[in-house]
Amino acid sequence: MTSSGCDLAVAAEHVVDRLDALAAIGADPAGGVTRLAYSPEDVHARETVARWMAEAGLQVWIDQATNLFGRLPGSDPGAGALLSGSHLDSVTRAGALDGPAGVVAALAVAQALCASGTTLRHDLVVVAFSNEEGTRGTPGMVGSKAMAGLLTPEDLARPGDGAVTLAERIRSAGGDPQRIADARWSPDRIAGFIELHIEQGPVLHSEGARIGVVTEVTGQLSVAVTITGEANHAGSTPMNHRRDAAVAAARVVLAVERLATDGHVRVATTGVLGLRTGARNVVAGEALLGVDIRDGRAERIADAYARLDREVTDIARRTRTLITLTPGTCQSPVATDRRLTEHIIDAADELEVPWLELPSGAGHDAQVMSAIAPMAMVFVPSVGGVSHSPDEATDPSDLVLGANVLLRALVAADAQLP
Ligand code: HGY
Ligand code: MN
Ligand code: MN
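Residues numbered from 1 in each chain as written. Chains lettered and ligands numbered in written order. Predicted model: local features only at pLDDT ≥ 70, side-chain atom pairs only at ≥ 80, totals over all residues. Heavy atoms only, no water.

Named according to an unreviewed UniProt entry, the protein chain is Zn-dependent hydrolase originating from Mycolicibacterium duvalii. Its UniProt record gives the protein chain a comment under Subunit (unreviewed entry), which states: "Homodimer." (UniProt positions renumbered as here; feature names shortened; annotations may be inferred.)

1. Overview of the UniProt feature "binding site: Zn(2+) 2" (unreviewed entry) in the protein chain
UniProt marks Asp 98, Glu 133 and His 388 with the feature "binding site: Zn(2+) 2" (unreviewed entry), using the numbering shown here. What stands out for the annotated residues spanning 291 residues is how close their C-alpha atoms remain, the widest pair being 10.4 Å apart. Residue contacts for Asp 98: discarding those within four places in its chain leaves His 87, Asp 89, Glu 133, His 197, Ile 198, Gln 200, Ser 387, His 388 and Glu 392. Within the structure, Asp 98 has its side chain in polar contact with the side chain of His 197 (distance 2.9 Å). Looking at His 388, the relative accessible area reads 41%, which means it is partly exposed. Beyond its immediate chain neighbours, meaning those up to four positions away, His 388 contacts Val 91, Arg 93, Ala 94, Asp 98, Glu 133 and Gln 200. (Contact = heavy atoms within 4.5 Å. Polar contact = N/O pair within 3.5 Å; in protein donor to acceptor, adjacent residues only side chain to side chain. Buried < 20%, exposed > 50% of the residue type's maximum accessible area, 1.4 Å probe, protein only.)

2. Side note on the UniProt feature "binding site: Zn(2+) 1" (unreviewed entry) in the protein chain
Per the UniProt record, the feature "binding site: Zn(2+) 1" (unreviewed entry) sits at His 87, Asp 98 and His 197. Look at the named residues: they lie 111 residues apart in sequence, but the longest C-alpha span between them is just 9.7 Å, so in the fold they bunch up. Inspection of the secondary structure assignment puts His 87 in strand 3 (residues 81-87). Sequence-distant contacts of His 87, that is, excluding residues within four places in its chain, are made with Asp 98, Gly 99, Pro 100, Val 103, Phe 129, Glu 132, Glu 133, His 197 and Asp 365. Within the local environment of His 87, its side chain forms a polar contact with the side chain of Asp 98, the two groups lying 3.0 Å apart. Within the fold, His 197 resides in strand 5 (residues 190-198). (Helix = DSSP H or I, 4+ residues; strand = E, 2+ residues; numbered from the N terminus.)

3. Notes on the side chain of Thr 165
Considering the arrangement of structural elements, one finds Thr 165 in the loop between helix 5 (153-157) and helix 6 (166-172). Once you skip the residues sitting within four places of it in the chain, Thr 165 turns out to touch Leu 156, Ala 157, Arg 158, Pro 159 and Gly 160.

4. Considering the coordination of the manganese ion (ligand 3)
Here the manganese ion (ligand 3) is held by the protein donor atoms His 87 (NE2), Asp 98 (OD) and His 197 (NE2), which lie 2.1 to 2.3 Å from it. Every donor residue of the manganese ion (ligand 3) comes from the same chain, spaced as H-x10-D-x98-H. The distance between the manganese ion (ligand 3) and the manganese ion (ligand 2) comes to 3.6 Å, with Asp 98 serving as a donor to both metals. Of this pair, His 87 sits in strand 3 while His 197 sits in strand 5, and the two are 110 residues apart along the sequence. Residue class for His 197 comes out buried when judged on its relative accessible area of 1%. (Donors = N, O, S within 2.8 Å, 3.2 Å for Na, K, Ca; no water.)

5. Focus on the environment of Gly 290
Structurally, the position occupied by Gly 290 is in strand 11 (residues 286-295). Sequence separation between Gly 290 and Pro 418 is 128 residues, and the spatial gap between their C-alpha atoms is 44 Å. Setting aside residues up to four positions removed in sequence, Gly 290 forms contacts with Val 223, Thr 269, Thr 270, Gly 271 and Val 272.

6. Quick word on the domain arrangement of the protein chain
Per the domain assignment, the segments making up the protein chain are domain 1 (12-218 + 333-416) and domain 2 (219-331). A C-alpha centroid distance of 33 Å is found between domain 1 and domain 2. In this assembly, 14 residues from domain 1 lie in contact with 10 residues from domain 2. A combined buried area of about 750 Å² lies between domain 1 and domain 2, and 43% of that area is made up of carbon and sulfur atoms. The interface formed by domain 1 and domain 2 holds 0 salt bridges in total. Counting across the domain 1 and domain 2 interface gives 4 residue pairs in polar contact (both at pLDDT 80 or more). By residue class, the composition of the side of domain 1 that touches domain 2 is 6 nonpolar, 6 polar and 2 charged. (Domains from an automatic or database assignment. Buried area = accessible area lost by both parts, 1.4 Å probe. Salt bridge = Lys/Arg side-chain N within 4 Å of Asp/Glu carboxyl O. Nonpolar A, V, L, I, M, F, W, Y, C, P; charged D, E, K, R; others polar.)

In structure tokens:
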């Protein structure tokens, strides 16, 4: 027996084969996977995992935010629950692993415990959070925010793409926004949360480490930018008569980039850039941009936003346009729980694999869960650091290894946590 007393192992097919099966749900003809939150593909993936959970003998349910749960009862009903999981929704033309890797790993852990007749003291609850990515104009991490009691009526009522509100999206996928409060978990019900996720960055793969031990999850701020100029004829409008929204947008994109290249924040991205008119021979009258600012320190994000606001005021003056910044999803950076993190390190050492501590540049439901539970994260390497792309890849043996590290860490946490 090892120091954690755990010689169990997951079944590789519970990880690899199920990821292949999920990759087929929402497979995009142009490549990758498109399984947008609350879409029929997203519901199909959720129902598929629910079937696997039921076949494994777990107690299965979805909540009013459409989070999916599978419970393996523990021996001590007063001990609270250990939760593990991730999300099933994706960005457009995503890879197949961002989210599903953590869901299938957690379910494989539950099945390894069942197969060996091992009953933990704590309930083990496998969770597939709804809407982690925040696509179609909705905020991200909606399911975990509902569990943490952080979803507001304003969030639910805010119209997203196509003027469809988050509440309508939730209802379309089988949830009840009127009863979203029922989705809340009080902190005393949860002993801890551990999420396995692909790194989505280049560090582990380039350093030859097979396990990432996450030290903190980045803070992030999303900003919607609307630019109003004056649509006009591209041929007859003199350059000094123009109020060109496209030119203003280009300057905003470069100002966003400078927030990071000048060292004010770790990364800053303009991921959405659209011109309302969109015709070669029309001076653009309106532009819409989506900006993403991230850093490990909340005050640097706030400073960067103030800096962008000043820059945008100058750009508006010089281009004679009206530019509005609307802050959206704002996530604080959070540190992982040291005790749970030590269990991940011990598990990697027991399995004698190279591991590395690192911060997460991507946001995760785990950072929301930290509001109601001690949390930690296990990373597995992303080949070439690519993610949010059809080229996203992780060596299958690393996915299985990550699930075994998760298994050992959860068994050790079960023994140590109250
Ligand atoms: O944007 C993120 O970091 C995550 O993939 N939602
Ligand atoms: Mn993602
Ligand atoms: Mn993710």
